[in-house]
Amino acid sequence: MENYKIIKVEKSIYESNNVEADKVRERLKEEKTFLLNLMSSPGSGKTTTVIRTIEALKDKMEVGVIEADIDSYVDAEKVHQAGAKAIQLQTDGMCHIDAVISRDGLDSLGSKDLDFVIIENIGNLVCPASYDLGAVKNAMILSVPEGDDKPLKYPKMFANVDALIINKIDTMEFFDFDLEAVKKKVTEMNPNIVVFEISAKTGQGIDKWASWLNENINKWNN
């Protein structure tokens, strides 16, 4: 048998990030600013959902958006036109952002003047699931065209979020998507998860999603 050395990992490799994330939350509590980390695959309708969310809440509170992308700035322009303060983070190939980048984004956005900030995370169901950004709540979008097997393929993402948004329900008739099976599976994985069925395109279901956000924002900021 070959000799080998066993290295026992005593601390999480994410420990320093988690420490920074806790500092971000403490700061947000002092500022009375609610941060939502919104994650999904590319093409799930994340930006359209963000815009619908802005439209539903902008008359009740000051809203800001941090757009995280590998490249481009088109999403920041869209959310700005929807009535929210926005900045664009370009990661230049990096597949995730961490708590330090989240903190720097909040600095650039001017979070102390905002009631509600959304981080539209990079389109990816793997890396973002492992990084605490200091958000008060974490949510993800699963769109109907992606298929109903995603909870089986990416369990960590579904297990770690507070809310699941099932988007593009207006396309259900065109896809073999078992909605009830998805809800059953994710609830087994994550008993506290809240599931919303929406169509960001038509606006269907946005009222319930916005109401849940409004309730949690008020709890955090008061």
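Structural data are supplied above this passage.
Model, not experiment: these values are computed from the prediction. (Residues numbered from 1 in each chain as written. Predicted model: local features only at pLDDT ≥ 70, side-chain atom pairs only at ≥ 80, totals over all residues. Heavy atoms only, no water.)

1. Considerations on the packing of helix H2 (residues 46-57) against helix H8 (residues 206-221)
Rules: Axis lines are fitted through C-alpha atoms, for helices just across the contact stretch, and the angle between N-to-C directions can take any value from 0 to 180 degrees. Comment: elements are numbered from the N terminus, with helices defined as DSSP H or I runs of at least four residues and strands as E runs of at least two. Helix crossings get a hand from a simple test, with the near helix turned counterclockwise from the far one by less than a right angle marking a left-handed crossing and a clockwise turn marking a right-handed one. By the convention used here, residues are in contact when the closest approach between their heavy atoms is within 4.5 Å. The classification used treats Ala, Val, Leu, Ile, Met, Phe, Trp, Tyr, Cys and Pro as nonpolar, Asp, Glu, Lys and Arg as charged, and all other residues, Gly among them, as polar.
In contact at an axis separation of 10 Å, H2 and H8 are set at 65° when each is read in the N-to-C sense. Helix-helix and strand crossings are classified by hand; for H2 and H8 the assignment is right-handed. Counting all contacts with H2, which are made through Thr49, Arg52, Thr53, Ala56 and Leu57, the residues of H8 involved are Ile206, Trp209, Ala210, Leu213, Asn214 and Ile217. Grouping the constituent residues of the contact of H2 with H8 by class yields seven nonpolar, three polar and one charged.

2. A word on the packing of helix H1 (residues 15-31) against helix H4 (residues 99-109)
How we decide: Comment on the angle field: the value is read as roughly parallel under 35 degrees, roughly antiparallel over 145, roughly perpendicular from 65 to 115, and oblique elsewhere.
One can describe the packing of H1 onto H4 by two numbers: an axis separation of 8 Å at closest approach and a directional angle of 25°. One way to sum up the angle between H1 and H4 is to call them roughly parallel. Taken together, the residues of H4 that come into contact with H1 (itself represented by Asn17, Glu20, Ala21, Val24, Arg27 and Leu28) are Ala99, Val100, Ser102, Arg103, Leu106 and Asp107. Classifying every residue of the contact of H1 with H4 by side-chain character gives six nonpolar, two polar and four charged.

3. Re the environment of leucine 38
Inspection of the secondary structure puts leucine 38 in strand S1 (residues 34-40). Expressed as a C-alpha distance, the spacing of leucine 38 and aspartate 104, which sit 66 residues apart in the sequence, is 17 Å. The contact partners of leucine 38, leaving out residues within four places of it in the chain, are Lys46, Val50, Ile118, Ile119, Glu120, Asn121, Ala139, Met140, Ile141 and Ile165.

4. Regarding the side chain of serine 143
Definition in use: Under this definition, polar contacts are N or O atom pairs within 3.5 Å; protein pairs additionally need one hydrogen-donor-capable and one acceptor-capable atom, and for neighbouring residues in sequence, both atoms have to be side-chain atoms.
Its place among the elements puts serine 143 in strand S5 (residues 137-143). At a separation of 2.8 Å, a polar atom in the side chain of serine 143 contacts the side chain of glutamate 146. Those residues in contact with serine 143 that sit more than four places away from it in its chain are Gly43, Ser44, Asn167, Lys168 and Phe177.

Such coordinate-based values are descriptive only and should not be taken to indicate function.
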